[in-house]
Amino acid sequence: MAEKYIMIHDIMSEHKDRMLNLKKYYPFFVLCDTTFSQYKDGKYMDLDMGYITMATLRFFIHENNFQESEITYEQYEAFLSELLRRE
């Protein structure tokens, strides 16, 4: 007779693997908690560091992989300035 399936056994036996997987994303979670509320008397408190990080990574991926062009600091600066102005 087959042993009765009990979900808690799966949860407990795979816990370490799940925690190690989440550990990779910890820096992103910390960035999401970071705010600019203390900077310039809260002028930039609505900026989301997680969003800025993902937008920056997307910019690099798009330009390097899809456009096959090298990125200069000036191009990145223009992109980031536009992003911050828009947000």
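Residues numbered from 1 in each chain as written. Predicted model: local features only at pLDDT ≥ 70, side-chain atom pairs only at ≥ 80, totals over all residues. Heavy atoms only, no water.

**Student:** Just checking my understanding: could you explain the overall build of the protein for this structure?
**Tutor:** When you go through the protein residue by residue, the secondary structure sums to 5 helices and 0 strands. Counting over 87 residues, the protein shows a buried share of 13%. Sequence separation of 24 or more characterises 31% of the internal contacts of the protein that already satisfy a separation of 6 or more. About 7800 Å² of surface is accessible on the protein, with carbon and sulfur atoms providing 58% of the total. (Helix = DSSP H or I, 4+ residues; strand = E, 2+ residues; numbered from the N terminus. Buried < 20%, exposed > 50% of the residue type's maximum accessible area, 1.4 Å probe, protein only. Contact = heavy atoms within 4.5 Å. Areas by Shrake-Rupley, 256 points an atom, 1.4 Å probe, with all protein chains shown as cover.)

**Student:** So what exactly am I meant to see when it comes to the environment of Leu84 here?
**Tutor:** Within the element layout of this structure, Leu84 appears in helix α5 (residues 73-86). Taking the C-alpha atoms as reference, Leu84 lies 7.9 Å from Leu47; in sequence the two are 37 residues apart. When residues no more than four places from it in sequence are discounted, the contact partners of Leu84 are Leu47 and Ile52.

**Student:** How should I be thinking about the nonpolar core in this particular structure?
**Tutor:** Among soluble globular proteins, nonpolar side chains are generally buried collectively. Among the nonpolar cores identified, the biggest contains 5 residues, and these are Leu47, Met49, Ile52, Ala55 and Leu83. Among the elements that take part in this core, helix α4 (residues 49-66) stands out by supplying 3 residues, more than any other. (Core = buried A, V, L, I, M, F, W, Y, C linked by side-chain atoms within 4.5 Å.)

**Student:** Whenever I open this one, the packing of aromatic side chains confuses me. Can you help?
**Tutor:** Two measures describe an aromatic ring pair: the distance that separates the ring centres and the angle between the ring planes. Tallied over the full model, the rule gives 3 aromatic pairs. With 5.7 Å between their ring centres and 50 degrees between their planes, Phe59 and Phe60 make a pair best called tilted. Taken together, a centroid distance of 5.5 Å and an interplanar angle of 20 degrees make the contact between Phe60 and Tyr76 stacked. Linking Phe60 in helix α4 with Tyr76 in helix α5, this pair joins segments that are 16 residues apart in sequence. Using a relative accessible area of 21% as the deciding quantity, one classes Tyr76 as partly exposed. By way of ring pairs, the aromatic residues Phe59, Phe60, Tyr76 and Phe79 are connected into one cluster. (Phe/Tyr/Trp six-rings, centres within 6.5 Å; stacked < 30°, edge-to-face > 60°.)

So far we have only geometry, and geometry alone does not tell us how the molecule works.
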